[in-house]
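Working through the structure, step by step
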Amino acid sequence: MTTGSPDYRDSGLVFPESFLFGSATASYQIEGAAQEDGRRPSIWDTFARTPGKVRNGENGDVADDHYHRWEQDLDLLTELGLGAYRFSIAWPRIQPTGSGAVNQAGLDFYSRLVDGLLTRGITPIVTLYHWDLPQPLEDAGGWPVRETAYRFQEYAGIVGAALGDRVATWTTLNEPWCSAFLGYGSGVHAPGRTEPLGALRAAHHLNLAHGLGIQALRGVVANDPDYSVTLNFTVARGEEEAVRQIDAVANRVFTGPMLRGAYPEDLLADTAPVTDWSFVQDGDLEDISQKLDVLGVNYYNTARVALWDGSGEKQMADNHGESTASPYPGADRVQFLPQPGPYTAMGWNIAPDGMEELLLSLRDQFPEQPLMITENGAAFEDVIEDGRVHDAERVDYLRRHFTAAHRALEQGVDLRGYQVWSLLDNFEWAYGYSKRFGIVHVDYDTLKRTPKDSALWYSELARTRRLPEAGE
Ligand code: IFM
């Protein structure tokens, strides 16, 4: 057993009995069957078909064909001994036009999936929105428009009424920062718009959708689930003023209204050249600040920032794709500096200490708020050889991040579980299929699933609750 190693390569650590080990996926990234059983296009179908937006012109039409192979995929969870599965529901399967008419075939698919999990003794963690906005809602203005939040409220109520007797945890949104600021700011995600004001309006309407969505769920569910949202936090380090500005527009723009019932004063001041925030209406903050049973935390890496003095070229090594438009309205003087390695195949720096720092910081900011790691994992250049994938780098990445999570637990953080991203190799958004995050390899020609060494390692951890010794 090793503890306290400076490189976060501890072993033998034991996680609590109640700690929920699981793995995560998202609808558009794995399902395929894009034109089946009444599903209509989302903004990602449209974006992926726009030349130059997704690497190699790839799309989610087939992806992992999970829509047809879901039973096999749930069996994989059982074989690995995982206790939870975090998946998302495709809004365009439930309401193909984004409003009104409900597509029963879509609800039936997710109902079978939830039942399939429960019969296998696996806890369903459901995300309502992981970026696949029905295209007609974008055509009507998308997230910058207030009406979209009301449409989400309606959709949440429909799904809640259908599945709300069986779901353990409801997560309204996955990473609204990406939806707002990559979708409408830098434009590297769907719908690919580059409008600083649109991005801030989108952030507010996503916040509103979250609050209204929880209220809609509460009105219809029949059991006593946990309510949640998943945020991707930017752990910025470096020059204090640059850190403050990024923390405001990347993190506190969501935690402020959701957990404190107010937008941070410094965010309002920073973004004053872009907007006076008059789109925030009376009562919105009360609607948004719903009690959360658990806050979902997605963590991958850290950022190093500094203020740009206007001379030389501004550096934007911020790991969020290539675009000349900024995803940080109001923080125009902040530059993102390259960081020391090692890196994953995404070029993201590997920094388990950032996870520990983030969990402690959230505990300090929101002492009463239980937390769950809802995503953490890494893409590497995997090679399949003789039916095995020896992904030692991913095993090492996971070992170090589980160590970080355990250290946070030991320091009193109320951390309820950990969902590894991702169960399967899948469609990695603007990177298409070029980046593999799965602990299970998917052959995109045959769609065969092969658990990688990391899956076997994780299985051992989940079964024993004990971080394996190096080499085990
Ligand atoms: O694949 C994504 C996921 O959809 C959202 N969080 C980050 C992952 C890796 O980029």
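Residues numbered from 1 in each chain as written. Predicted model: local features only at pLDDT ≥ 70, side-chain atom pairs only at ≥ 80, totals over all residues. Heavy atoms only, no water.

Going through the model one piece at a time under the given rule, you end up with 37 aromatic pairs. Between F15 and F402 the ring centres are 5.9 Å apart and the planes differ by 90°, which places this aromatic pair in the edge-to-face class. Taken together, the residues F15 in the segment before β1 (20–24) and F402 in helix α14 (residues 392–410) connect sequence positions 387 residues apart. When its relative accessible area of 0% is taken as the criterion, F402 is described as buried. (Phe/Tyr/Trp six-rings, centres within 6.5 Å; stacked < 30°, edge-to-face > 60°. Helix = DSSP H or I, 4+ residues; strand = E, 2+ residues; numbered from the N terminus. Buried < 20%, exposed > 50% of the residue type's maximum accessible area, 1.4 Å probe, protein only.)

Residues W44, W143, F152, W170, F181, I246 and F402 are the most contacted members of the largest nonpolar core, which totals 148 residues. Ranked by the residues each element gives to this core, the list is headed by helix α9 (residues 196–220), at eleven residues. Discounting residues that sit within four places of it in the chain, I246 has contacts with T234, A236, N251, V305, Y328, A331, V334 and F336. (Core = buried A, V, L, I, M, F, W, Y, C linked by side-chain atoms within 4.5 Å. Contact = heavy atoms within 4.5 Å.)

Moving on, we come to the site of the ligand. Neighbouring the ligand are the residues Q29, H130, W131, N174, E175, Y300, W348, E375, W421, E428, W429 and F437. One of the side-chain nitrogen or oxygen atoms of H130 is found 2.8 Å away from an oxygen atom of the ligand. Taking 280 Å² as the accessible area of the ligand by itself, protein coverage stands at 95%. Class assignment of the residues belonging to the shell around the ligand gives a composition of six nonpolar, three polar and three charged. (Near = heavy atom within 4 Å. Polar contact = N/O pair within 3.5 Å; in protein donor to acceptor, adjacent residues only side chain to side chain. Areas by Shrake-Rupley, 256 points an atom, 1.4 Å probe, with all protein chains shown as cover. Nonpolar A, V, L, I, M, F, W, Y, C, P; charged D, E, K, R; others polar.)

Okay, α14 next. End to end, α14 covers 27 Å across 19 residues, agreeing with the expected 27 Å (1.5 Å per residue, within 8%). With respect to burial, α14 is a largely interior element, 15 of its 19 residues being buried. Of the residues one or two after α14, G412 is the one with positive phi, at around 95°. (Expected span 1.5 Å × (residues − 1).)

Looking now at the pairing of strand β5 (residues 226–232). Among the seven residues of β5, six are classified as buried, and the element is accordingly described as predominantly covered. Across four bridges, strand β4 (residues 169–174) lies against β5 in parallel orientation. Considered in β5, the bridge of T171 is made with S228. Across five bridges, the pairing between β5 and strand β7 (residues 294–298) is parallel. Within β7, the position partnered with S228 by the bridge is V294. (Pairing = 2+ DSSP bridges.)

Turning to the packing of helix α13 (residues 352–365) against α14, a few remarks are in order. At a minimum axis separation of 8 Å, α13 and α14 run at an interaxial angle of 25°. Comparing their axes, α14 and α13 come out roughly parallel. When the axes of α13 and α14 are compared, the crossing they make is right-handed. Within the contact between the two elements, α13 uses P352, M355, E356 and L359 and α14 uses R400, H401, A404, A405, R407 and A408. Looking at the contact of α13 with α14 residue by residue, the class counts come to six nonpolar, one polar and three charged. (Axes fitted to C-alpha atoms, helices over the stretch in contact; angles between N-to-C directions. Parallel < 35°, antiparallel > 145°, perpendicular 65-115°, else oblique. Left-handed = near helix turned anticlockwise from the far one by under 90°.)

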